[in-house]
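Structural features, examined
These are the residues of each chain, in order.
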Amino acid sequence: MHDRRTVLAGTFGTLAALAGCQGLGGTETTPTDAATDASTRTPTGTPTETSSGSDVDYGGWFSDTDNFDGTTDLRGESSVTVAVGAEGNGGAFAFDPPAIHVDPGTTVVWEWTGNGGSHNVVAEDGSFESGDPVGEASAAYERSFDSEGIHLYFCNPHRSLGMKGAVVVGDPSGGGGGQTEAYDFAAATFDAYWYSLYNMSTNIAMSGNGVPFPLNEQMEQMRDQRLPAMLERAAVERPPITDPNLSFAAFTEGDPHFTQRPVLEDDTGRPDAKTLAWDKSESSGVVSPSSLAWTHLKGVTWAKNFQKHFDLLPTEMAPRFRAQLLSTLGQIGINAAILVGGSRGNGALTHGDSWEFLSEYRPAEGRIEDETRRPHHHAAMTWFLSDMSSLAQNGWFGYVNPRPLLPSEAGADAVFETDVGIQEITDGVARTTMDLFSPEDVAQQESTRSVGLMLGAIGYYGPQAGTEDDLSAAADYANGLASVVQSNLAGNGKVENGAANQAATQGMVAQGLLWASQMDGVDHTDTAGDVVGYMVDELWDDDAGTFASGTGDSTYAITARDAGDITGGLNAADAVLGNSDVRPLFARFFDSTFNTGRLQRAQRPPSVSQSKGNEPPLPPKAGGEFGQASVYNGEVAYDTEAGEWSVTDDRFYTADALYLANQDIWVGNWGGEFYQGRGVPGQSDDPPN
């Protein structure tokens, strides 16, 4: 039995079957011409029995499908037909018959009536898909069903209207889509990928919670020049979101409650961002280095991820277009934050001509809100710029369209005329960070958790260092940071003087030590093993299915940042130390904290399985008058005495959420063998052949 996650987590063959269909065709689909007038098509085979539906439990799948009145028995037929665009659900928005019962090996042919606009056929568990929605009466899609069980499907543009169907093959209890299976590591990492994607896409393209692109006439000209070229190169006709609210500098926080009825699938099958924007009066209106850096690091990581499997992703995602857009927004963010975007004639987030970052800037008023230099902001920018540098130094992974905005290095071709390129910016920020904060300062100014964060950032910088001297300085700095960890280490592996959540401190320090240990002359894997050991042995609460915030705590408060730290530590333990024992712990931690605990407040159809009762709801049902966006809550808490979860902070904190989104994609199912690296520094720097 497989649910949506485990199907996609399985094999490359299954993934190809899911997403290789570029239209109404692909590896297992063949367009066919209609032999009869589409408007008069009826299902082949004569129904021998029409049940009331009580013989098959669809789990409420057809609760909003008004033409469903039972399961049509078509067993005994080798091929059967289902009309697409039949009358129902307030128009020509139905499959007819919506539910059929067939023998294993039967071929089901879906034939379009040409009515009701554009339709498609999409398996709820991701195991099959006809491709982009089409409206032609000549269209058809066929698939043979061998696996016994219930296979649920829907029309993507009209799912919300109730345009759903089901194919029951043989014994309904034999498996198939929508059936329950244990929530394992593969299931958790599949959800991690999609939750990461939801947070990124919402934040940078739908929420409007940031400085908009285009902001001025120059940016409008840039958009008008580049977007058509991106679409042409991506071989798509339009962006994957209608009227997107693009942002190149995300605000630090906002309120994800919708202010009007959301349209997640318009008549083109795309989200309509006009209806998805957040209330700007509830946004902070402030940008920080961390809110910008973690957002665009996720964009770079996502773009690299896409590069590995363009041919396997659903066409409606427009992955090549998204990748080009994300790399463009990242360059605009660097230019505005570091070089020329400030009201003082310098970068909006930099101090004068230095590479030092202030903490908060209010773009609308050109005002510095907090000019304090803070280690975690510098760590975030160093981490992001290092990955952007690897993108630029490796031909932009093919995402330059029509020219790079920033030069990869001084003197290289680019639209923006600057004296420095991304390489020089990255080296400058890294050197300044190491000079500005001694290893001891990082712990004293913030905590040992920030020491772990800085270790991870320097580990990412190592492979991108511009000179041998820069690399040597990075290794020395990493060893100094590791010494601070050692001086704050209890004998049992506990890292003292960290964040309020002890498990988060352990996870971040462990990952930081392992990421930095990828550099020559740096090896703290044994210490990292001890740190992970304490987290697993002393802080895992098997009854709660999550990690305790501290030994003896009766309530575990877990922020999105905390969850990212814990995820990072477990991912690094598995990917670098080879400790596969953490996999089942991660699965339970994710299911309990993100799903049951509602750290993820809502989800979109790609991750919906219909087979579990603890999953986040669809956005319209996520609370408030109109629902909420599919993003992370600020904090959730587990009460050990009551055995209950609660959402204790429902604000959206960009830096925390997008930091977690990066950790999610690295541990994500598509972050393993399907995508290189698992987040290990240097492992995803080269474009795939």
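One can find the structure itself at the top, above this paragraph.
Summary of the structure given here. (Residues numbered from 1 in each chain as written. Predicted model: local features only at pLDDT ≥ 70, side-chain atom pairs only at ≥ 80, totals over all residues. Heavy atoms only, no water.)

Some points on unusual backbone geometry
Stated precisely, the cut-off is as follows: Runs of E in the DSSP output that reach at least two residues are strands. Runs of H or I that reach at least four are helices, and both are numbered from the N terminus. Burial here depends on accessible area, computed with a 1.4 Å probe over protein chains only, as a share of the maximum for the residue type. Under 20% is buried, over 50% is exposed, and the range in between is partly exposed.
Residue Asp96 is joined to Pro97 through a cis peptide bond whose omega torsion reads -5 degrees. The step from Asn401 to Pro402 runs through a cis peptide bond, and the omega angle for that step is -5 degrees. Within the element layout of this structure, Pro402 appears in the loop between helix 7 (375–393) and helix 8 (422–436). Here Asp243, not a glycine, exhibits a phi torsion of approximately 45 degrees, which is positive. Along the chain, the position of Asp243 falls in the loop between helix 4 (217–234) and strand 11 (247–250). A relative accessible area of 42% places Asp243 in the partly exposed class. The phi angle at Arg678 is positive, at roughly 55 degrees, despite the residue not being glycine. Positionally, Arg678 belongs in the segment after helix 16 (654–667).

Overview of the layout of surface pockets
Filter applied, for reference: Put simply, the grid is 1 Å and covers the protein atoms alone, a cavity is a trapped set of points that fit a 1.4 Å probe, a pocket is an open set with protein on both sides within 12 Å along at least five of seven lines, and lining residues have an atom within 4 Å of a point. Grid points are joined across faces, edges and corners, and a volume is the space filled by probe spheres set on the points. We call Asp, Glu, Lys and Arg charged. Ala, Val, Leu, Ile, Met, Phe, Trp, Tyr, Cys and Pro are nonpolar, and the rest, Gly among them, are polar.
The space that makes up the largest pocket amounts to roughly 920 Å³. What lines the largest pocket is a set of 33 residues, and nearest its centre among them are Asp64, Arg159, Ser160, Leu618 and Pro620. Its volume calculated, the second largest pocket comes out at about 610 Å³. What lines the second largest pocket is a set of 26 residues, and nearest its centre among them are Asp132, Ala235, Val236, Thr315 and Glu316. Elements with a minimum of two residues in the lining of the second largest pocket: helix 4 and helix 6 (319–340). Of the residues contributing to the lining of the second largest pocket, the split by class is 11 nonpolar, seven polar and eight charged.

Here we look at helix 14 (residues 560–575)
The criterion, for reference: Multiply 1.5 Å by the residue count of a helix minus one, and that product is the helix's expected span.
Between the first and last C-alpha of helix 14 there are 22 Å, a value that for 16 residues agrees with the 22 Å anticipated at 1.5 Å per step. For helix 14, the tally of buried residues reaches 15 of 16 residues, placing the bulk of the element in the interior.

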